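# Secondary and tertiary structure notes
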Amino acid sequence: MAWRESAAEAARARDERPVLVDSPGGRLFGILTPATEPGAPCVVMFTRPRSHRNRMFVELARRLAARGLAAFRFDYHGCGDSSGASGFLNPGQPYRDDTLAVLRVLRERHGVRRFMLVGSCFDARTAFSAFDGEADAIEGIVFMAAPLMELDSLTDAHTERKDWKHLWNALGNAENWRTLGDPGRWRHMARVVTRIAGRSLGRPAGDPPLSPSFERHLRAFAGAHARALLLYGADDAETASLRVAERTTFARLGPAVRARMTIEVWPGAVHSFLDVARQREVLERVTAWIAQLHPPGVPTTAAPTTTHNLPGEPVWTSR
């Protein structure tokens, strides 16, 4: 069902205001949806463009603001209405400078003291980078379908599903031959063939390493108090890196840190550009999770009383 703005959400829309943020990469443009409760946290939304697909972050901002929270959506440098040069978005090199600049301006100009962050893929990694510098100010993060490895390592993890039959079929695809003018494509093919051959010979390939930047930001998260919802789809390519993290880095986290992490892997894809029904399911889940941290009418200075995080090891769930 399409979003129909309620009277309360329309009232929040009328109070929205533009905000300019100076970042090392350029001047960022964003929209602040003010809170109805003094001192309420601000939900910062990371996406491109700032409205997100089907204007879902506009909807999310106003729905949350009608519940008492503030919300901020913005364009990265080089994107949308922001200035600066655009470039390839590498999850291993998130836009941390943009993130820290946004949080600083919201604090200094608009009195925000507490933040919740929402992002998917590159945007999730960029939101996560805020823990390196702003960990004490972050209450929670929704981290969706993000690769946890460098791009080459993610390819290695994803090729665990591939075999000689897959390679033979790929050789019959004319589009694959047309891409061989790119040296990076040759490296990709070499890595795939090497891993398939190694498995055929009974050689254990081992788990590819996680991204150094992700592990650095995870250490910052571990030293904070924030909660996290990690949301992936079983069919998402990025889920291969999540499963490696579960076997390695996440397994080494202490019980108190793991208790702050809710991990959900849904059937199908979460990282979907065309499935509007799935996008709406994700929107509802994000809204509900944030609402659990901040029920309407509960003073924002009170400790959150939530039940969605389970003690002990992260639990794989499905819906």
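Report follows, based on the coordinates. (Residues numbered from 1 in each chain as written. Predicted model: local features only at pLDDT ≥ 70, side-chain atom pairs only at ≥ 80, totals over all residues. Heavy atoms only, no water.)

Bringing the overall build of the protein into the picture now. Of regular secondary structure, the protein possesses 13 helices and 8 strands. Within the protein, the fraction of its 319 residues that count as buried is 53%. Residue pairs at least 24 apart in sequence account for 75% of intrachain contacts in the protein once pairs closer than 6 positions are excluded. Counting only carbon and sulfur atoms, one obtains 55% of the accessible surface of the protein, whose full area is about 14,700 Å². (Helix = DSSP H or I, 4+ residues; strand = E, 2+ residues; numbered from the N terminus. Buried < 20%, exposed > 50% of the residue type's maximum accessible area, 1.4 Å probe, protein only. Contact = heavy atoms within 4.5 Å. Areas by Shrake-Rupley, 256 points an atom, 1.4 Å probe, with all protein chains shown as cover.)

So, on to the sheet that holds strand β6 (residues 138-144). Taken in spatial order, the 8 strands of this open sheet run β1-β2-β4-β3-β5-β6-β7-β8, and their pairing is mixed. Either end of the sheet is taken by a strand with one partner, and the two such strands are β1 (17-23) and β8 (261-266). The average angle at which neighbouring strand axes cross in this sheet is 20°, direction not considered. Relative to strand β2 (residues 26-33), β1 runs antiparallel, the two sharing 7 bridges. Residue pairing across strands places Leu 20 opposite Phe 29, the latter belonging to β2. Against the sheet, helix α13 (residues 276-293) touches β3 (42-46), β5 (115-120), β6, β7 (227-233) and β8, its axis set at about 165° to β6. (Pairing = 2+ DSSP bridges. Axes fitted to C-alpha atoms, helices over the stretch in contact; angles between N-to-C directions.)

This paragraph deals with the layout of surface pockets. Computed from the structure, the second largest pocket encloses a volume of approximately 170 Å³. Thr 47, Arg 48, His 52, Arg 53, Leu 89, Ser 120, Cys 121, Phe 122, Asp 123, His 271 and Phe 273 are the residues that line the second largest pocket. In the lining of the second largest pocket, the residues fall into 4 nonpolar, 4 polar and 3 charged. (1 Å grid on protein atoms, 1.4 Å probe; cavity = no way out; pocket = protein on both sides within 12 Å on 5 of 7 lines; lining within 4 Å. Points joined across faces, edges and corners; volume = space filled by probe spheres on them. Nonpolar A, V, L, I, M, F, W, Y, C, P; charged D, E, K, R; others polar.)

A separate point is the pairing of β2. Counted residue by residue, β2 has 7 buried out of 8 residues, so it is predominantly covered. The antiparallel pairing of β1 with β2 creates a hairpin that spans 2 residues between the two strands. Here β2 pairs with strand β4 (residues 70-74) via 4 bridges, running antiparallel. Note on β4: the bridge partner recorded for Gly 30 is Phe 74.

Relative to the helices and strands, Asp 15 resides in the loop between α1 (7-14) and β1. In this structure Asp 15 comes out as partly exposed when scored by relative accessible area, which is 39%. Distance in space between the C-alpha atoms of Asp 15 and Leu 32 is 8.7 Å, their sequence separation being 17 residues. Setting aside anything within four residues of it in sequence, one finds Asp 15 in contact with Leu 32 and Pro 34.

On to helix α2 (residues 56-66), then. Summarising burial for α2: 10 of the 11 residues are buried, a large majority. Burial in α2 covers these residues: Met 56, Phe 57, Val 58, Glu 59, Leu 60, Ala 61, Arg 62, Arg 63, Leu 64 and Ala 65. Where the residues of α2 are buried, they touch α1, β2, β3, β4, β5 and α13. Just beyond α2, the residue with positive phi is Gly 68, at close to 115°.

What follows is about the packing of α2 against α13. Where α2 meets α13, the closest approach of the two axes is 11 Å, and the angle between their N-to-C directions is 25°. Taken together, the axes of α2 and α13 are roughly parallel relative to one another. Seen from above, α2 lies across α13 with right-handed handedness. Residues Met 56, Glu 59, Leu 60, Arg 63 and Leu 64 of α2 form the contact with α13, whose own contacting residues are Val 276, Gln 279, Arg 280, Leu 283, Glu 284, Val 286, Thr 287 and Ile 290. (Parallel < 35°, antiparallel > 145°, perpendicular 65-115°, else oblique. Left-handed = near helix turned anticlockwise from the far one by under 90°.)

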